[in-house]
Amino acid sequence: MMTAQPRLADHLVERVKSLINERKLEAGMRLPAERQLASEMGVSRSSIREAIQKLISEGVLISRRGGGTFVRYEVQPWSEQRIVQPLKTLVEDDPNYRYDILEARHAIEASTAWYAAMRATPADKEKLIACFDATLKFKESDDPDLAAQADVRFHLAIAEASHNIVLLQTMRGFFDLLQSSVMHSRQRMYTVPSIFAGLTEQHNELLQAILAGDPERARRAAKTHLGFVHTTIKTLHEDEARQARITRLPDEDTDVTREENS
């Protein structure tokens, strides 16, 4: 009896993974509640909870207190070795290279949006809508990491809808880099209501252009969106640098006191 439970949990881990694939749950999307999973699989909630904990430890899922369990964005090994690590080292040595990455995204995503508008299948469009809806769930979120993952999934869905494998793999590499916490300011975008509202509006315009099959409109929407992201991140970084300088300034009151006492 003591060894049966681990085997059940391992079995449930595989069943939950199958459910994620069958329901096409993407990064940033929420897993059904424990009660619902237990009912569907005919097991106890404690067994489901143990399986979910295993998946969290494996990096497949991420849990937010009071907010449920979500599918986590996973960096692919090939991307980590061939794209992410070299660029990560470059950015760590000189943070200004992050803007080169944004400029590259600007060019690539204009292309993926263009081709997606021309080539998206009904299944592609259904997935795009689902991924966009997932980004809306984090409007009031206190977890910018999950919001960022939902954002990434939306953009990758566009790349997938372009049906250009080279563009898709390049995009995956860029986003793997962004998800590796090299660019912390990117996540800050999701904590400022006015910025989040702008991102949502731009995502919606991009989605509608692709659904309408209008390549030129989609290209313009992508360029507008990436221009906004570029400017916003640059402003956030400048604010961070300014605050860092302020904390390094000498305490003027202390200096004056020292002069008076000398």
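Not measured: the values here are computed from a predicted model. (Residues numbered from 1 in each chain as written. Predicted model: local features only at pLDDT ≥ 70, side-chain atom pairs only at ≥ 80, totals over all residues. Heavy atoms only, no water.)

Draft legend 1. Quick peek at the overall build of the protein chain. The helix and strand inventory of the protein chain stands at 12 helices and 2 strands. Along the protein chain, helices (α) and strands (β) appear in the sequence α-α-α-β-β-α-α-α-α-α-α-α-α-α when read from the amino end. Here the protein chain holds 262 residues, and the buried ones make up 42% of them. Restricting to contacts in the protein chain with at least 6 residues of sequence separation, those with at least 24 account for 71%. (Helix = DSSP H or I, 4+ residues; strand = E, 2+ residues; numbered from the N terminus. Buried < 20%, exposed > 50% of the residue type's maximum accessible area, 1.4 Å probe, protein only. Contact = heavy atoms within 4.5 Å.)

Draft legend 2. Structural context of the environment of L102. Along the polypeptide, L102 turns up in helix 5 (residues 97-119). The exposure class assigned to L102 is buried, which follows from its relative accessible area of 3%. Sequence separation between L102 and V229 is 127 residues, and the spatial gap between their C-alpha atoms is 8.3 Å.

Draft legend 3. Just the pattern of salt bridges, in detail. Following the criterion strictly, the structure yields 12 salt bridges and no others. Of the charged contacts, one joins K17 and E14 as a salt bridge, the two residues approaching to 4.0 Å between their closest N and O atoms. Here K17 and its partner E14 are both found in helix 1 (residues 4-22), 3 residues apart, which amounts to about one turn of the helix. The residue K127 makes a salt bridge to E160 at a minimum N-O spacing of 2.7 Å. Pair noted here: K127 is in helix 6 (residues 122-136) and E160 is in helix 7 (residues 144-161), with a separation of 33 residues, a long-range link. Residue class for K127 comes out partly exposed when judged on its relative accessible area of 25%. What emerges from the salt-bridge pattern is a single network uniting K127, R153, E160 and R172. (Salt bridge = Lys/Arg side-chain N within 4 Å of Asp/Glu carboxyl O.)

Draft legend 4. Main features of the packing of helix 6 against helix 7. Across the interface, helix 6 lies against helix 7 with an axial gap of 8 Å and an inter-helix angle of 165 degrees. The pairing of helix 6 with helix 7 is recorded here as roughly antiparallel in orientation. Viewed along their axes, helix 6 and helix 7 form a crossing whose handedness is left-handed. Together, D124, K127, L128, C131, F132, A134 and T135 of helix 6 and A150, D151, R153, F154, A157, I158, E160 and A161 of helix 7 make up the contact between the two elements. (Axes fitted to C-alpha atoms, helices over the stretch in contact; angles between N-to-C directions. Parallel < 35°, antiparallel > 145°, perpendicular 65-115°, else oblique. Left-handed = near helix turned anticlockwise from the far one by under 90°.)

Draft legend 5. Local environment of the confidence of the model for the protein chain. The pLDDT averaged across the protein chain works out to 79; a share of 75% of its residues lies at or above 70. Throughout residues 1-5 the model reports pLDDT below 50, and contacts reaching past four residues in sequence, or to other chains, amount to 2 contacts. (pLDDT = per-residue confidence, 0-100.)

Draft legend 6. Focus on the nonpolar core. Within the largest apolar cluster, 36 residues are counted, with the highest numbers of intra-cluster contacts made by L31, L128, F154, L206 and I210. At 5 residues, helix 1 tops the list of elements feeding residues into this core. Beyond its immediate chain neighbours, meaning those up to four positions away, F154 contacts L128, C131, F132, T135, H203, L206 and L207. Listed in part, the 17 residues of the second largest apolar core include L102, L146, A150 and L236. (Core = buried A, V, L, I, M, F, W, Y, C linked by side-chain atoms within 4.5 Å.)

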